[in-house]
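Inside the fold
Listed below, chain by chain, are the residues.
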Amino acid sequence: MAKPSSSNTIFEERKGFMVSPFGDTKPALRKAYFLKPTATSMEEPELPSDSISPLPPQTLQRNNCPLKVSSMSWVLPHQDWITWVSRMQSKHQSAWKKSGIDKAILNSTYHIKKSIDLIIGLSEKWCTNTNTFVFPWGEATITLEDVIILGGYSVLGSPVSCSVENREWEVIEEKLMDARMNVVRSRAKKACQRAWMKKFSNGGSEIEHEAFLALWLSRTVFQNSSHAIRKEVFPIAICLARGIPIALAPAVLASIYRDLSQLKRAIVAGNKESRLELFSPFQLVQLWAWERFPILQPKPDVLNFGDPRSARWDRAEIPKVENVRLTLDSAAESFLWRPYAKSLKNWSFPEFYRENEELVLADPGFDIHLESFIRCLRASKILGLDYMENYSPHRVAMQFGMDQDLPGRVNLDKTREIAWMNYKKPTIDTKLYIPSRLFESDVTTRYLKWWEQMVLGQNKKVSGSAQQQRSAKRSKPDLQASIGEQTNIDHDVPPGFRPKNNMNESRISAKKDKPAAVEMFTGNNQKSFGNEVIANGELHGQSQSNFTSNVHDGTDRNMEPPSQSAQNISGGEATMGAAGRATDQMGVGQENTAAGNMTSNRVNINGNTGEVNGYKLDIAELENWITLLERKVAKLKAARRLGAEV
C-alpha cells in the first residue's frame, strides 16, 4: 500500500533530542510526535515580529489602557432571554444536541463580567502575522479546542455560507425575511433584536424555533454594528433547527482572530484610531485567559452535573490585578498548557482526552469526537461569514499534549471554496496519535535555539531604548556581548520553561510594585568569560537527571543519552545546569535555608558536565530569592484554588 503524502498528513513521528519543559533535564533522545508542518531550517519559521516590537511609550505606563474601544461585543443575558431559552430547550434539546449547539445556547444565559484591562493586556501580546499570543516565555493562542470546550460550538458540519436546499426551506426563509421586514417597518426602524424577541417569544408562530435561533446567532455569534437580526443567518438557523450541524467553531475563532488583530493594530497606533468596533464574542478571550492563568482567575463556581464548563464563571467577580502586563509576562511557571486535562468536579473530559497515550488506526469511520480532534490539530484556513483567517495549531503543539518542534510555514488557500475543502478533508495519516491527558510535552533542542536566536534575538534588535521600559521575567548575560551589557534573553530557557538561572533584571516598569526592601537590593552579579558562565547564587552538589519523560499514566517514553556533540547547541551547552535546576526545584523551606546561608565564594560551572563546584551569593542576589519565593507562593495559591474546585 502506498504511503500517504507527507504534505497531507497531520503528525510527524521521529526521534529527536528533547528538552523538558521545566528545564530540569539534559537533552534526551526519544521518539516524539509533532504537529505538521515542521521546518527544515531555523530560517524557515515565520517570526512573530509585531508582537515583540516596541509598543508606543504611553502604552508602557503601568495600568495604562492605551485606547478606547467604542464598541465591543459583550452580550449579557436578560431575564426574557433566559426564560425563552428555557422554554425552547424543553422542546428542542434533541435537535440542539444533534446539531452540536446545546452547550453554546446555554452559554448565552451566563453573565460573564468584563475585564477590559485583561482584554487589552492580552491584545498587546497578539501577533497579527501568526495569530498567536507571544509572551516572553513562549507562544500560545486560542484554538478550535478552546472554542469547542468554552464556547460549545462544533468544528463539524456544513460551512456557515450554507444555503437552503429545498422548497420547504425556501418557504421558511421567506417567512423569516417577511418577519424581519415587518420589524424594520415598525417604530424600531431596523431589525431590532428586542422587537424580534417580543414578536416571537410568546409562542404560537410556526417558525418560532428558526426565529429563536436567528436571534441567538445574530446576538451572540455573528453580531454586527447595528445589533440587528442578520438575514445572512437564516439558512444557518433553518439547518440547525433540523439537527443539521454547522461548523460554527471555525467561524467564531476566525472572528476573534480578526478582532484581536484590529485591536492590536489600534494599540500600536496609539490613540490615532478614534473609533474601534469589535463584534466577535470576546467573552471567549477572557475565559481562555482565566482557564490558563490561575493567578488571573476569579473564584469559580461549582459546576452542576451536565453544565457547560463556562458555567463556572457565571457572575464571577473580576479579581484585582495590579499590573496585568507584568502578570502575563511573568506567568511562565503557572501557565496551564492543558487546563481541560485537569479533573474538575461534575465536568466530563472531552472524548478525545485519554488516560493513556494511544495510536489509533486511521479509519474513515472515525467517531465525531476523534474527527473533531483532527480538525483542531490541522493547520488550515478558517472561514467566517465574509472573512478568512490562518489557523496554526502546529505553533502551539504543547496545548494539545504534543511535543513542539520548529513550526513550518503553511501555504494556505486564497479562495473560500478550496479553503473549505482542505479544512474538512479526512486525514490520510495511517495512525492517529492521542497523547495521555497528563503527558507533559517537551520541545526540541533546535526549537530552543531558534527561540533564543531568532525570536528573542529579534526582540533585542527592535526594542532599543523601549526595551529598558519593559518588565522582564528572566535575563542572562549575552555571551557574545561585551562585559556589562545585559539582555532579556535566557539562553538556555525555551518558551514556557522555568528559568534556570537567577533572575537579575532591571524591572523598570515594575519598580513601583516592589517592596522597599527589595528596591535596596538591585544589581547584576553575573559575568561571562568565553563559553563559561560564572554565576552567583547557584547551589553545590545537584545530581544529574535521568533520561526519561514520564507519562503520568505510569508509562515511560524510552530515551537515550545524547551524544556529546548533540549537547553543544546555542553556541554553548544544551545541558541544563544542575545548579539552575536546584534553584527552581527547591521548596519554600529550602529557599529560606539557601537564602540564609550566603557566602562569598565564587561559583565555577564546569563547561563539560554542568556540575557546580562551589557557590557565591552576594547581597544583590537577595532580590532573586525573594522573587522566586513570590512565584512559589503564587503557584501554591493557584494549586490550592484549583484543588478546592475538585
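No experiment lies behind these values; they were computed from the predicted model shown.

Calculation notes
Residues numbered from 1 in each chain as written. Predicted model: local features only at pLDDT ≥ 70, side-chain atom pairs only at ≥ 80, totals over all residues. Heavy atoms only, no water. 1 Å grid on protein atoms, 1.4 Å probe; cavity = no way out; pocket = protein on both sides within 12 Å on 5 of 7 lines; lining within 4 Å. Points joined across faces, edges and corners; volume = space filled by probe spheres on them. Helix = DSSP H or I, 4+ residues; strand = E, 2+ residues; numbered from the N terminus. Nonpolar A, V, L, I, M, F, W, Y, C, P; charged D, E, K, R; others polar. pLDDT = per-residue confidence, 0-100. Contact = heavy atoms within 4.5 Å. Polar contact = N/O pair within 3.5 Å; in protein donor to acceptor, adjacent residues only side chain to side chain. Buried < 20%, exposed > 50% of the residue type's maximum accessible area, 1.4 Å probe, protein only. Phe/Tyr/Trp six-rings, centres within 6.5 Å; stacked < 30°, edge-to-face > 60°. Lys NZ or Arg CZ within 6 Å of the ring centre and 35° of its normal.

Another point: empty space enclosed by the protein. Applying the stated criterion across every chain, the model contains eight cavities of 30 Å³ or more. Taken as a whole, the second largest cavity encloses approximately 280 Å³ of empty space. What lines the second largest cavity is a set of 19 residues, among which Asn107, Ser108, Tyr153, Pro281 and Gln283 lie closest to the centre. Residue assignment for the lining of the second largest cavity shows that the elements contributing at least two residues are helix H2 (102-107), helix H4 (144-151), helix H7 (208-221) and helix H10 (283-292). Broken down by class, the residue content of the lining of the second largest cavity amounts to 11 nonpolar, seven polar and one charged.

Time to look at the confidence of the model for the protein chain. Confidence along the protein chain averages 74 in pLDDT terms, with 65% of residues attaining 70 or more. Averaged over each element, pLDDT in the protein chain is lowest for helix H15 (residues 516-519) (31) and highest for H4 (98). When the criterion is pLDDT under 50, residues 462-620 qualifies, and its contacts beyond four places in sequence or with other chains add up to 360 contacts.

Next up on the list: the environment of Glu206. Tracing the chain through its elements places Glu206 in the loop between helix H6 (193-200) and H7. Along the backbone, Glu206 and Ile172 are 34 residues apart, and their C-alpha atoms lie at a distance of 9.2 Å. In terms of polar contacts, Glu206 uses its side chain to reach the side chain of Lys175, at 2.3 Å.

Looking now at helix H12 (residues 368-377). Among the 10 residues in H12, eight count as buried, and that is most of the element. For H12, the full list of buried residues reads Leu370, Glu371, Ser372, Phe373, Ile374, Arg375, Cys376 and Leu377. Its side-chain oxygen 3.1 Å from the backbone nitrogen of His369, Asp367 forms the N-cap of H12.

Below, the discussion takes up the packing of aromatic side chains. Under the criterion given, the structure shown has 28 aromatic pairs. Where Trp347 meets Phe349, the ring centres are 6.0 Å apart and the plane angle is 80 degrees; that geometry is what we call edge-to-face. A relative accessible area of 13% places Trp347 in the buried class. Classification of Phe349 as partly exposed rests on a relative accessible area of 25%. These aromatic residues form a ring-pair network of at least three members: Trp126, Phe133, Phe135, Trp137, Tyr257, Trp288, Phe293, Phe335 and Trp337. Directly above the aromatic system of Phe200 lies the positively charged group of Lys199, at a separation of 5.9 Å from the ring centroid. Directly above the aromatic system of Tyr387 lies the positively charged group of Arg258, at a separation of 4.3 Å from the ring centroid.

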